[in-house]
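One-letter residues, chain by chain:
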Amino acid sequence: MEILRTVEELRQWTRTQRCEGRDGIALVPTMGALHAGHASLIRAAAEVRPGHVAVSIFVNPTQFGPNEDFAKYPRTFAADCALAEREGATVIFAPSVEEMYPAGAATFVDVDGLSDRLDGASRPGHFRGVATVVAKLLNAAEPDLAFFGQKDAAQVAVLRRMVADLRLGAKIVVCPIVRESDGLALSSRNVYLSSAERKQALVLSRAIRRVESLVAGGERLSAVLMEAACSVFAEELEVRMDYIELVDWGTLWPVLSAAPGTLFAVAAWVGKTRLIDNTIIC
Ligand code: AMP
């Protein structure tokens, strides 16, 4: 497995694959600190594009706010490379910040109307950073498939809109949320949790399950579902809710009642760690 450091090397790799008459390329964008959730994306990509999977590892500074965890975000490059190779990655793209944002960089991608919803409301500028870096990655790698996790469902909505608007040509493939056996959604930030916080964090997946079971029982009203989720959060006083939202997954705007494909999403602070979770209503 090769490690590429520059956009030009990535472009060259893509061109070579094309010249050799192979199928399209699959791209799996990540910020590293890879876990079983990321592994599931790489595996899914390798299943459909064996031998043509690029995994990017880049802790993207523009998606972090000034007081967020950019500096302390876990960086585990050697272990990430081993995991990616095991799961079927063909190349790793691990550029420097200067490579992705050349001196004087002034071009950003704003997805109006979606960028300030859900996590974008709590983390101003976050989705602008995400959309910008993913646009750069898609532009450089020119994949026909790009793999993302449902774990970041609002991010998926923003990127689907961006890909459609900019006619980027990559199909976005969304993979299911991978969870610990007790329900906690895997996240690179889970390593920040103390053992007490690790238990408190289960309130997110409990709220999700409560809503899923109400929906399974026929409940559709947003007010009822949100209230039920709020009462689950009320059981865990140490956890500070950030948002609970029932929204259209395309527009990220609130809906009055849940329909198949509606996104139910939560975000909460467990100590100093912000966690997110969601479910798509069936
Ligand atoms: P990140 O490195 O956190 O930017 O995540 C890279 C990709 O992995 C994103 O598309 C995430 O949605 C996805 N991902 C993160 N955690 C999980 C998970 N628990 N299950 C499935 N996909 C995930």
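Each remark here, short or long, concerns the structure printed above.
Residues numbered from 1 in each chain as written. Predicted model: local features only at pLDDT ≥ 70, side-chain atom pairs only at ≥ 80, totals over all residues. Heavy atoms only, no water.

Of all eight residues making up strand β8 (residues 263-270), seven are buried, and the element is well covered by its neighbours. Pairing of strand β7 (residues 239-247) with β8 involves eight bridges; the strand directions are antiparallel. Looking across to β8, one finds that Glu245 is bridged to Ala265. Hairpin connection, β8 to strand β9 (residues 273-280): the antiparallel pair is bridged by two residues, and Gly271 has positive phi, about 60°. (Buried < 20%, exposed > 50% of the residue type's maximum accessible area, 1.4 Å probe, protein only. Helix = DSSP H or I, 4+ residues; strand = E, 2+ residues; numbered from the N terminus. Pairing = 2+ DSSP bridges.)

The next point concerns helix α2 (residues 36-48). Taking 1.5 Å per residue as the helical rise, α2 with its 13 residues ought to reach 18 Å, and the 19 Å between its terminal C-alpha atoms agrees with that figure. Burial in α2 covers these residues: Gly37, His38, Ala39, Ser40, Leu41, Ile42, Ala45 and Ala46. In this structure, the buried side of α2 is in contact with β2 (26-30), β3 (53-57), α3 (77-87), β5 (145-149) and β6 (171-175). (Expected span 1.5 Å × (residues − 1). Contact = heavy atoms within 4.5 Å.)

It is worth spelling out the sheet that holds β9 at this point. The strand order β7-β8-β9 describes an open sheet built from three strands, whose pairing is antiparallel. Strand pairing shows two members of the sheet lacking a second neighbour, β7 and β9, which therefore form its edges. Each neighbouring strand pair of the sheet contributes to a mean axis angle of 15°, computed without reference to strand direction. Contacts from helix α9 (residues 202-216) reach β7, β8 and β9 within the one sheet, and its direction differs from that of β9 by about 20°. Docked against the sheet, helix α10 (residues 222-234) engages β7 and β8, running at close to 165° with respect to β7. (Axes fitted to C-alpha atoms, helices over the stretch in contact; angles between N-to-C directions.)

Attention now moves to the site of the ligand. In the vicinity of the ligand lie 17 residues, with His38, Gly149, Asp152, Val178 and Leu186 positioned nearest. Within the side chain of His38, a nitrogen or oxygen atom sits 2.9 Å from an oxygen atom of the ligand. In the environment of the ligand, a nitrogen atom lies 2.9 Å from a nitrogen or oxygen atom belonging to the backbone of Leu186. A total of 480 Å² of accessible area belongs to the ligand in isolation, and the protein chains cover 92% of it. Mapped onto the shell around the ligand, the elements with two or more residues apiece are β2, α2 and β5. Per element, the largest residue contribution to the shell around the ligand is three residues, and it comes from α2. Classifying every residue of the shell around the ligand by side-chain character gives nine nonpolar, six polar and two charged. (Near = heavy atom within 4 Å. Polar contact = N/O pair within 3.5 Å; in protein donor to acceptor, adjacent residues only side chain to side chain. Areas by Shrake-Rupley, 256 points an atom, 1.4 Å probe, with all protein chains shown as cover. Nonpolar A, V, L, I, M, F, W, Y, C, P; charged D, E, K, R; others polar.)

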